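# Fold and contact review
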Amino acid sequence: MEFRNCVENRRSIRSFRPDPVRREDILYCLDAARLSPSSLNCQPWRFVVLDDPQLKNRAASYISNPLLKSNLHARQAPVLIAVVSDLSENPNPLYRTAVKKFGMYQYDLGAAVQTLCLAAADLGLGSCIMSTIRNKKQLQDLLGIPQGQEICLVVALGYPDGDPAASRERLSLEEICCFNPGIPAERPDDPSHS
Ligand SMILES: Cc1cc2nc3c(=O)[nH]c(=O)nc-3n(C[C@H](O)[C@H](O)[C@H](O)COP(=O)(O)O)c2cc1C
């Protein structure tokens, strides 16, 4: 798929068909994520894929919150991918300050997860990044996440059930960027732009 189409087709999908996702397709997405940039190239991401239905459903029960009705789609998605930060030691002396203290690893994980979701869109798969996890401790225990690692996000993956809502609210280019301070961006096709 063309890059622009992947960007436009990627939506947060919260309704999934039960069809399984081929491991080869999951690995395609993870291999793309692996190529993402990271501070000091420390690649602090680890991914735990849950495609065994029983294990996946147990994990989903620690993510969803039925009372708050949050992330109920975690149960419906055929695949969950726990995105884990690994902050174990690194030989680079800048690492402790830049990556750990200033939390650069969070940007790294964000970049990797976006690449994963774009790769999923490339295959016609739907994804939803989830940061709201009802009981992270129980989820970590279930997945055997070792000391020094932490689940930061979970990505739900699967084939979308129906089309996501058509409109997607976004700030306009003019609202979010400028060329040199004070000069708002104008699209070349903007009729007010002469
Ligand atoms: C860091 C991050 C955390 C998010 N956490 C959740 C979440 O816990 N549950 C959820 O349903 N969506 C979550 N989202 C998805 C956003 O709600 C969604 O990206 C936003 O509404 C824009 O919609 P779109 O992804 O369809 O373009 C998260 C997105 C990001 C980037």
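Let us look at the structure shown here. No experiment lies behind these values; they were computed from the predicted model shown.

Bringing the overall build of the protein into the picture now. Along the protein, the regular secondary structure elements total eight helices and four strands. The order of α-helices and β-strands along the protein, N terminus first, is α-α-β-α-α-β-α-α-β-α-β-α. Dimensions along the principal axes, computed over C-alpha positions, put the protein at roughly 60 × 50 × 35 Å. Surface summary for the protein: the accessible area is close to 11,800 Å², and the carbon and sulfur share equals 53%. Each charge class in the protein was averaged separately, 22 positive and 22 negative side chains, and the resulting centres sit 9 Å apart.

Pairing is antiparallel across the open sheet formed by four strands, whose spatial order is β1-β2-β4-β3. Of all the strands in the sheet, the pair left with one neighbour each is β1 (45–50) and β3 (126–130). Strand-to-strand twist of the sheet, defined as the mean angle between neighbouring strand axes without regard to direction, takes the value 25 degrees. Of the pairings in the sheet, the one linking β1 to strand β2 (residues 79–86) comprises six bridges and is antiparallel in character. Each residue of the ladder has a partner; that of V49, found in β2, is I81. The strands touched by helix α2 (residues 23–34) are β1, β2 and β4 (149–158); relative to β1, the strand with the most contacts, the crossing angle is about 170 degrees. Of the strands in this sheet, β1, β2 and β4 are in contact with helix α7 (residues 136–143), which crosses β4 at around 85 degrees.

Within the largest apolar cluster, 28 residues are counted, with the highest numbers of intra-cluster contacts made by I26, I81, L116 and V155. Listing elements by their share of this core, those giving two or more residues are α2, β2, α5 (95–101), α6 (104–122) and β4. The leading source of residues in this core is α6, at eight residues. The contacts of V155, once residues within four sequence positions are left out, are V79, L80, I81, V83, V113, L116, C117, S127, C128 and M130. Residues Y62, A74, L143 and A156 belong to the second largest nonpolar core, which totals 21 residues.

Turning our attention to the site of the ligand. Neighbouring the ligand are 13 residues, the closest being S12, R14, N71, I129 and R170. Take R10: an N or O atom from its side chain is 3.0 Å from an oxygen atom of the ligand. Considering the ligand on its own, with 620 Å² of exposed area, one finds that the protein chains cover 62% of that surface. For the shell around the ligand, the element with the most residues is β3, which contributes three residues. Counted by class, the shell around the ligand contains three nonpolar, five polar and five charged residues.

Here we take up the layout of surface pockets. Quantified by volume, the largest pocket comes out at close to 260 Å³. In this structure, the largest pocket is lined by F3, R4, V7, E8, R10, Q114, L118, R168, R170, L171 and I176. Sorting the residues of the lining of the largest pocket by element identifies α1 (3–9) and α6 as the ones contributing at least two each. When residues in the lining of the largest pocket are grouped by element, the largest group, four residues, is from α1. Here the lining of the largest pocket is built from residues that sort into five nonpolar, one polar and five charged.

What counts as what
- Residues numbered from 1 in each chain as written.
- Predicted model: local features only at pLDDT ≥ 70, side-chain atom pairs only at ≥ 80, totals over all residues.
- Heavy atoms only, no water.
- Helix = DSSP H or I, 4+ residues; strand = E, 2+ residues; numbered from the N terminus.
- Areas by Shrake-Rupley, 256 points an atom, 1.4 Å probe, with all protein chains shown as cover.
- Lys, Arg positive; Asp, Glu negative; His and termini not counted.
- Charge placed at Lys NZ, Arg CZ, Asp CG, Glu CD.
- Pairing = 2+ DSSP bridges.
- Axes fitted to C-alpha atoms, helices over the stretch in contact; angles between N-to-C directions.
- Contact = heavy atoms within 4.5 Å.
- Core = buried A, V, L, I, M, F, W, Y, C linked by side-chain atoms within 4.5 Å.
- Buried < 20%, exposed > 50% of the residue type's maximum accessible area, 1.4 Å probe, protein only.
- Near = heavy atom within 4 Å.
- Polar contact = N/O pair within 3.5 Å; in protein donor to acceptor, adjacent residues only side chain to side chain.
- Nonpolar A, V, L, I, M, F, W, Y, C, P; charged D, E, K, R; others polar.
- 1 Å grid on protein atoms, 1.4 Å probe; cavity = no way out; pocket = protein on both sides within 12 Å on 5 of 7 lines; lining within 4 Å.
- Points joined across faces, edges and corners; volume = space filled by probe spheres on them.

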